[in-house]
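# Structural overview for review
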Amino acid sequence: MTKVMFVIGLSFLMFFLCSSYNTAFTDSRFKDDVEFLKQYVTVILLKDTESNGEVAIVPEYQGRIMTSTAEGPEGLSFGWINRELISSKKFEPHINVFGGEDRFWIGPEGGQYGIFFPPNAPFDLEHWQTPAVIDTEPYEIVSQNDKQVSFRKDAKLKNWTGTDFQISIERTVSILSKEQIAGALGVRIPSGVKYIGVESKNKITNTGTEDWNKEKGLLSIWILGMFNPSPETTIVIPFLPGSEENLGPKVNDAYFGKVPADRLIVRDNVVFFRGDGQYRSKIGISPKRALSVCGSFDAKNKVLTIVQYSKPDVPKPYVNSMWELQKEPYGGDVINSYNDGPLGPGKKPLGPFYELETSSPAEELKKGEHVEHTHRTFHFIGSEKELNYLTEEILGIDLQTIQSVFASN
């Protein structure tokens, strides 16, 4: 771990140790989470009558997909929700971790082009602030029906270098039919499998008076999904095999210090990462390595989760969010995964939860141009035979391997 990374990690610890969060594994029911949310915020429900799937969205939280279910109101609730923070009816300094399995963010976070620090400020916790437009400000509902809801928000941002950005944000959340899910993933959905698919289409438009360029900084769309962990959840990220000389490292595991070998297993074309919410760690996959899918399997609840995103056909630059003056500000990762855990000896985790994240490229947008990023989340519940078919077809890995990879550790 570099000195900069250590300082970053220590800063996060100092902040979050001052807050109180949920600490136990939960098997939340969808109806309970929805009833809880409705006490404090507006909840929009999208439903698919064929599958009995439902999705809960909150306009006050930037059109965030808070949670979903594949089994109707009594079914498992997949998104992690920070009940303590929401019920407090208060905003925290620096960031408000409301939860949700698809939240809209904008990158980069740190570095000379970061938007979480005022111009020329030190890269420390005192000066770190999540922009309100992706933290506390509600988004306007533009249109809505039983299957889809669209949001809009105009905003101004300034990066560390002092570059001003004037943007329009558009976000559309849709619940997907069985045919749409099968088409997107290129699979058939076995008859015995319960499923839910939800898609967010996200767009940022340069509405300012100047074109964007790399020398002054660029922005990216950053979607983060927070999910309930279990002691038997394994995150699976397939990647493009090949030599490090040609493609670079297989995985970046230096965000919060090197991940122990009993929590991260790297093979020729796949990464296995624990999603148990018991050890704080983060990994990333570069654009040269990344495929268009990643996922996780919760063996305790027999839930297969898949995340798919709109990956460009050719490698493009991605923003770097490290809290430092960066040598490679456009050498960031396209897929990230975070596993929550205790924030020090005898301390609590934030959730616990785990995250699957994807980002758009950093585009040099001229006035009036836009960048788009589509992020889809799917959950499947079924027998091991049925789920094995899906893991092999979508992730290229059999279910037995996923379940056994950490068994000996």
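A brief look at the structure comes next. Bear in mind the structure is a predicted one, so any value in this text is a computation, not a measurement.

Rules used in this analysis
Residues numbered from 1 in each chain as written. Predicted model: local features only at pLDDT ≥ 70, side-chain atom pairs only at ≥ 80, totals over all residues. Heavy atoms only, no water. Pairing = 2+ DSSP bridges. Helix = DSSP H or I, 4+ residues; strand = E, 2+ residues; numbered from the N terminus. Axes fitted to C-alpha atoms, helices over the stretch in contact; angles between N-to-C directions. Salt bridge = Lys/Arg side-chain N within 4 Å of Asp/Glu carboxyl O. Buried < 20%, exposed > 50% of the residue type's maximum accessible area, 1.4 Å probe, protein only. Polar contact = N/O pair within 3.5 Å; in protein donor to acceptor, adjacent residues only side chain to side chain. Contact = heavy atoms within 4.5 Å. Core = buried A, V, L, I, M, F, W, Y, C linked by side-chain atoms within 4.5 Å.

Ordered in space as 4-9-17-16-13, the five strands form an open sheet in which the pairing is antiparallel. Since the sheet does not close on itself, it has two edges, and those belong to strand 4 (103–107) and strand 13 (281–285), each with one partner. Neighbour-to-neighbour, the strand axes of this sheet turn through a mean angle of 20°, independent of strand direction.

This brings us to the pattern of salt bridges. On inspection of all chains with the given rule, the structure shows 16 salt bridges. Between Lys31 and Glu74 there is a salt bridge, with its nearest N and O atoms 2.9 Å apart. Taken as a pair, Lys31 in helix 2 (residues 30–38) and Glu74 in the loop between strand 3 (64–69) and helix 3 (83–88) lie far apart in primary sequence, 43 residues in all. Given the relative accessible area of 47%, Glu74 is considered partly exposed.

Turning to the side chain of Gln308, a few remarks are in order. By secondary structure assignment, the location of Gln308 is in strand 15 (residues 303–309). Taking the relative accessible area as the measure of exposure, Gln308 reaches 8% and is therefore buried. Polar side-chain contacts of Gln308 include one of 2.8 Å to the backbone oxygen of Ala184. Excluding its chain neighbours within four sequence positions, the residues that come into contact with Gln308 are Ala184, Leu185, Ser292, Val293, Thr374, His375, Arg376 and Phe378.

Ranked by internal contacts, the top residues of the largest apolar core, which has 57 residues, are Ile57, Phe104, Ile106 and Ile167. At the level of secondary structure, the elements contributing two or more residues to this core comprise strand 1 (44–48), strand 2 (53–58), strand 4, strand 6 (148–158), strand 7 (164–175), strand 8 (194–206), strand 9 (220–227) and strand 18 (370–381). Excluding residues within four positions of it along the chain, Ile167 makes contact with Ile106, Lys153, Asp154, Ala155, Leu157, Ile204, Thr205, Thr207, Trp212 and Leu219. Tyr195, Ala299, Leu387 and Val405 belong to the second largest nonpolar core, which has 28 residues in total.

What follows deals with unusual backbone geometry. In the segment running from Gly107 into Pro108, the intervening peptide bond is cis, with an omega of 5°. Examined against the element boundaries, Pro108 turns out to sit in the loop between strand 4 and strand 5 (140–144). Residue Gly351 is joined to Pro352 through a cis peptide bond whose omega torsion reads 10°. Here Pro352 lies in the loop between strand 16 (335–339) and strand 17 (354–359). One non-glycine residue, Asn120, adopts positive backbone phi at about 65°. Examined against the element boundaries, Asn120 turns out to sit in the loop between strand 4 and strand 5. Non-glycine residue Lys302 carries a positive phi angle of around 55°. One can find Lys302 in the loop between strand 14 (293–298) and strand 15.

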